[in-house]
Amino acid sequence: MTVAAHGYAPAASDRWRRLALAFSDSRNLLGLVFMLPAAALLIVFLAYPLGLGLWLGFTDANLGSTGRFTGIANYLSLAGDPVYWLSVSNTILYTVIASAAKFFLGLWLALLLNQNVPFKAFVRAIVLLPWIVPTVLSAIAFWWIYDTQFSVITWALKGLGLIDGSIDFLGNGTNARISVIVANVWRGIPFVAISLLAGLQTIPGSLYEAATLDGASSYQRFRYITLPMLTPIIAVVMTFSVLFTFTDFQLIYVLTRGGPVNTTHLMATLAFQRAIPGGRLGEGAALASSMIPFLVAAVMFSYYGLQRRKWQQGTRD
Amino acid sequence: MTNRRDVIKLGAGAGLVLGAGGLIKPRRAAAQSLNLKPEPGAKLRVLRWKRFVQGDEVNWLATTKKYADANNIEIRVDSENWEDVRPKAAVAAQVGSGPDIIIGTNDDPQKFPSKLVDVSDVAEYLGAKYGGWYDVCKRYGQRDGKWIALPMGAAGACLVHRKSHIQKAGFEEIPKDTANFLKLCQALHKNGTPAGFALGHATGDGNTWCHWALWSHGGMVVNPKNEVVLDSPETVAALEYVKQLYATFVPGTLSWLDPSNNKAFLSGECSLTNNGISVYYAAKTSDAPAMQEMAKDIYHANFPVGPVGRPTEFNLMFQAFVFQYTKFPNAAKDYLRFMWEREQFVPWMEASIGYVSHPLKAYEDAPVWTADPKATPYRDSVKVMLDNGYSGTLGEASAAVISDFVVVDMFASVCAGSASPKEAAKAAAEKAKRIYKA
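So, how was this worked out
- Residues numbered from 1 in each chain as written.
- Chains lettered and ligands numbered in written order.
- Predicted model: local features only at pLDDT ≥ 70, side-chain atom pairs only at ≥ 80, totals over all residues.
- Heavy atoms only, no water.
- Core = buried A, V, L, I, M, F, W, Y, C linked by side-chain atoms within 4.5 Å.
- Buried < 20%, exposed > 50% of the residue type's maximum accessible area, 1.4 Å probe, protein only.
- Helix = DSSP H or I, 4+ residues; strand = E, 2+ residues; numbered from the N terminus.
- Contact = heavy atoms within 4.5 Å.
- 1 Å grid on protein atoms, 1.4 Å probe; cavity = no way out; pocket = protein on both sides within 12 Å on 5 of 7 lines; lining within 4 Å.
- Points joined across faces, edges and corners; volume = space filled by probe spheres on them.
- Nonpolar A, V, L, I, M, F, W, Y, C, P; charged D, E, K, R; others polar.
- Domains from an automatic or database assignment.
- Buried area = accessible area lost by both parts, 1.4 Å probe.
- Salt bridge = Lys/Arg side-chain N within 4 Å of Asp/Glu carboxyl O.
- Polar contact = N/O pair within 3.5 Å; in protein donor to acceptor, adjacent residues only side chain to side chain.

Visitor: Please set out the nonpolar core residue by residue, giving values where relevant.
Guide: Across soluble globular proteins, nonpolar side chains show a tendency to be buried alongside one another. Counting residues in hydrophobic clusters, the biggest one holds 163 residues, and the most contacted among them are B:Phe181, B:Trp209, B:Leu272, B:Tyr335, B:Trp340 and B:Phe411. For this core, the leading source of residues is helix H20 (residues 406-415) of chain B, giving 8 residues. With residues near it in sequence (within four places) discarded, B:Trp340 still touches B:Trp60, B:Leu126, B:Tyr130, B:Trp133, B:Leu150, B:Pro151, B:Met152, B:Ala320, B:Phe345, B:Pro359, B:Leu360 and B:Tyr363. Core analysis: the second largest hydrophobic core is formed by 20 residues, A:Phe142, A:Phe169, A:Leu251 and B:Leu257 among them.

Visitor: Which residues make up the layout of surface pockets, and what are the values?
Guide: The volume enclosed by the largest pocket comes to roughly 1400 Å³. Among the elements of the structure, helix H7 (135-145) and helix H12 (250-255) of chain A together with helix H4 (82-95), helix H10 (205-216), helix H12 (260-266) and helix H13 (278-284) of chain B are those that each provide at least two residues to the lining of the largest pocket. A total of 5 residues in the lining of the largest pocket trace back to one element, the largest contributor, which is H4(B). For the lining of the largest pocket, the class distribution of residues is 20 nonpolar, 12 polar and 10 charged. Volume-wise, the second largest pocket comes out at about 660 Å³. Surrounding the second largest pocket, 22 residues form its lining, A:Pro49, A:Leu50, A:Leu52, A:Gly53 and A:Leu56 being those nearest its centre. Mapped by element, the contributors of at least two residues to the lining of the second largest pocket are helix H2 (27-56) and helix H14 (281-289) of chain A together with H4 of chain B. Looking at the lining of the second largest pocket, the element that brings in the most residues is H2(A), giving 9 residues.

Visitor: Any details on the domain arrangement of chain A? Residues and values, ideally.
Guide: Domain annotation of chain A identifies domain 1 (1-44) and domain 2 (61-312). One C-alpha centre belongs to domain 1 of chain A, the other to domain 2 of chain A; they are set 50 Å apart.

Visitor: Describe the interface of chain B and chain A, with residues and values.
Guide: Between chain B and chain A, the residue contacts involve 35 residues of the former and 36 residues of the latter. Counting the surface lost from both chain B and chain A, the interface buries some 3000 Å², and carbon and sulfur atoms represent 53% of this. Close ionic contact of B:Asp404 with A:Arg274 constitutes a salt bridge, the shortest N to O distance being 3.0 Å. Where chain B meets chain A, there are 17 residue pairs in polar contact (both at pLDDT 80 or more). If you list the elements that add at least two residues to the side of chain B that touches chain A, you get H4, H12, helix H19 (396-403), H20 and helix H21 (421-437) of chain B. Take the side of chain B that touches chain A: its biggest share by element is 6 residues, from H4(B). Of the residues contributing to the side of chain B that touches chain A, the split by class is 15 nonpolar, 9 polar and 11 charged.

The structure is reproduced here in structure tokens:
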């Protein structure tokens, strides 16, 4: 027995060694193992909550009960809800206008910052401030700025003798929509500007020199060098910018809570209102899930619409 | 959001405290009659709404510590903005984990009754000892005949006003009826000292006065059978009344959130609004001489009675409830019993200068209601109020009507001119039907 046991042990050890060697030689297997921690994190913190949210949207779950499967009842109910459609149109309006404004102003700022300005590093750091300040804090600042009684804008305009009464920034639908969009743009510009600035700095100066020697105007340099070279960055930046804007919550929650008369309710704020304070988890989840197609469409547009590889390579699409 | 956390731990000399504390002994005896013996080594976590007046929190924490020390247990009290307590309670109910006790608002416990500990023994004990609970407390705290929560009282909403401005407008005091109240607001507007009531998504102040306006004219969201009856001539009458009232308001009320009227009132921009006693408290305790001067001119009055001929106030109710996942149900219930006993509750009301109106009838004689006559109008806040589900039952649907601002938005849409009273009543009724049908 002892001899047999001794004879068996090296064989087993050899097999394990061979397995270990095969394992370390297999790039696929090793890659899989290395990916596992990241995959686990994504599954636990991303895929599971997303899956649960989607599932809740198909149930009549409320606070305290897991609910029953009700198929698309929540979605049918939302389809007949004018407040839901108002929130959809508000969200689209908010996203389109704010994203476009952030892009143009951000690009303009990036081009300015790309010039040789004095105290370049300091100015760039200052530009980032609105992005660094926590959203809730900047939202509270805007809450004061937009206050009917205490607005600094009203105060200044009154002081200059330009107006007599108070400006009702958040008191009617149109003003409130414009006000929240302005606040969002103020907060989002630095992200776009700094990201595009990083992109601008990767464009080789020799291209501009060559173009200048060829007699290209500044518009032509921008149109045929800057823009094509910047397009991949624009695609990524605008994808994120659109996503952030579409899913905005804090600004609205602090400034208006969706009022007046739901004119500033976004899908995210309405979903929260229905699911948590309102207690209707299923309906809130369905509402939140209904944002997904819009988000996917926005990503598709940004990604495929802007990342035109042939154009970047200097040929026509 | 700001968290305030206090950890109260048992002192080593708990036994000595027990022996020395003359007040503790009778209360322990009372608890024994309920057969509530806190579990040895119990650790309780309490989540409550963050104080509106400093005295409330100081007193609450000190009394909690007294109880924890006397019973050799640990109690941690977390405070959060009252609107943030509701989602926390919801999550606790959903996941089955979190604070042992939550002191929430309105019909929170009615949304997840099956998750809560039956506190009937404590409620019946307190009711029998202190003259009974006001009727509205039973509607809020009971479900299917058993108590699922202990009503703590309500943050009464009264008409906070500048007396000198009211007098200048030709009225000695706030009128007792809605018709003359409108005349007062018109006179205030004419004098440049207008009234202002929140019409934005102000969960507390907006819902409070808008429900009063609706109910005072006989309108209601649902009837006792939970059938939506909001689209009614009474609702239209209420909307027409508020439209006239709105014309007299300080600009900007359509965007007002809960803190807005406090700011406007204390800055002198508005002379009449609805609020708890906190505006007066802020002025009275301010170091600024101008504020102290203003405090002398601040008075309170109850809402006027409308065509229905009886008070129809709506106030923010606070309720304490214990989750079934707690490992220490007896400690939780006994702690609540202790805090609700007269020896603790009345001093707490005093420390809160009457911010919370009592739920038990015997506390009517609390000195806080007479020591400063300005607090007296808040005394009957619970006695005269209706619940937010009126006149149907409380539960998910009634909570959703409040959280979706169905009534506030109905009034706001008329005031903003985006809908006629009839259109607004119809649209709001449709919203309510969706909620009650779900």
